[in-house]
Amino acid sequence: MSIQRTFSIIKPDATRRNITGAINAKIEASGLRIVAQKRILMSEKQAKDFYAIHAERPFYSDLVSFMTSGPVIVQVLEGENAVLLYREIMGATNPSEAAEGTIRKEYAESIEANSVHGSDSYENAVAEIAHFFIDSEIVS
């Protein structure tokens, strides 16, 4: 097992409902450490750049609009096998398919407003972290 970092976003639907503390509690209870965190209003450019991989998909414009509709919490999480562990804690993208006790099962409003984003690979985690944080903002 290895200590690694992953990236997380607590999305606008969750910040609007003031459940960021509850989500952070689930993250920390899993053994992951929040080593960087900030509340931002994602600009349209940031959202478009971040989700560029989906630019050709039909939901891209709606995704960008949603992610810029209110504040988000961007985070760096650290722990053993952090990428895989956080994916498990989040649950399936579709909350109706998510396992009991996962963030999305408990807090998501819909498949679109599913409360959290997490990196899907170590390589993507590195790139996603760099999109929002500089090294000096990450404190283990």
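Just so it is clear, the structure is predicted and the values come from calculations on it, not from any experiment.

Chemist: I'm lost on the pattern of salt bridges in this one. Help?
Modeler: Side chains that carry opposite charge are capable of pairing whenever their charged atoms lie near each other. Inspection of the entire model under this criterion finds 8 salt bridges. Note that Glu109 and Arg16 form a salt bridge whose closest N and O atoms lie 2.8 Å from each other. Of the two residues, Glu109 sits in the loop between α6 (103–107) and β4 (116–118) while Arg16 sits in helix α1 (residues 12–16), which places them 93 residues apart along the sequence. The exposure class of Glu109 is partly exposed, given its relative accessible area of 44%. The salt bridge partner of Lys26 is Glu106, with a shortest N-O separation of 3.3 Å.

Chemist: Just to check I follow, could you spell out the layout of surface pockets for this structure?
Modeler: Empty space among the atoms can be located by rolling a probe the size of a water molecule over them. Taken as a whole, the largest pocket holds about 780 Å³ of empty space. Along the walls of the largest pocket sit 26 residues, with Tyr51, His54, Phe59, Leu63 and His117 positioned nearest its centre. Mapped onto the lining of the largest pocket, the elements with two or more residues apiece are α4 (60–67), α5 (82–90), β4 and α7 (122–132). Residue contributions to the lining of the largest pocket peak at 4 residues, all from α7. Each residue belonging to the lining of the largest pocket can be placed in one class, and the counts come to 10 nonpolar, 8 polar and 8 charged.

Chemist: For this particular structure, what's the right way to read helix α2 (residues 20–29)?
Modeler: Structurally, the α-helix is built with 3.6 residues per turn, so residues lying three or four positions apart point the same way. For α2, the set of buried residues is Thr20, Ile23, Asn24 and Ile27. One side of α2 holds all its buried residues, which, seen down the axis, span an arc of 100°. Gly31 lies just past α2 and shows a positive phi near 105°.

Chemist: How do you make sense of unusual backbone geometry when you look at a structure like this?
Modeler: Unusually for a residue other than glycine, Asn18 sits at a positive phi of about 60°. When you line up the elements, Asn18 lands in the loop between α1 and α2. Phi at Asn81 is positive, roughly 45°, even though this residue is not glycine. Looking at the element boundaries, Asn81 is found in the loop between β3 (72–80) and α5.

Cut-offs and rules
Residues numbered from 1 in each chain as written. Predicted model: local features only at pLDDT ≥ 70, side-chain atom pairs only at ≥ 80, totals over all residues. Heavy atoms only, no water. Salt bridge = Lys/Arg side-chain N within 4 Å of Asp/Glu carboxyl O. Helix = DSSP H or I, 4+ residues; strand = E, 2+ residues; numbered from the N terminus. Buried < 20%, exposed > 50% of the residue type's maximum accessible area, 1.4 Å probe, protein only. 1 Å grid on protein atoms, 1.4 Å probe; cavity = no way out; pocket = protein on both sides within 12 Å on 5 of 7 lines; lining within 4 Å. Points joined across faces, edges and corners; volume = space filled by probe spheres on them. Nonpolar A, V, L, I, M, F, W, Y, C, P; charged D, E, K, R; others polar. Arc of directions from axis to C-beta.

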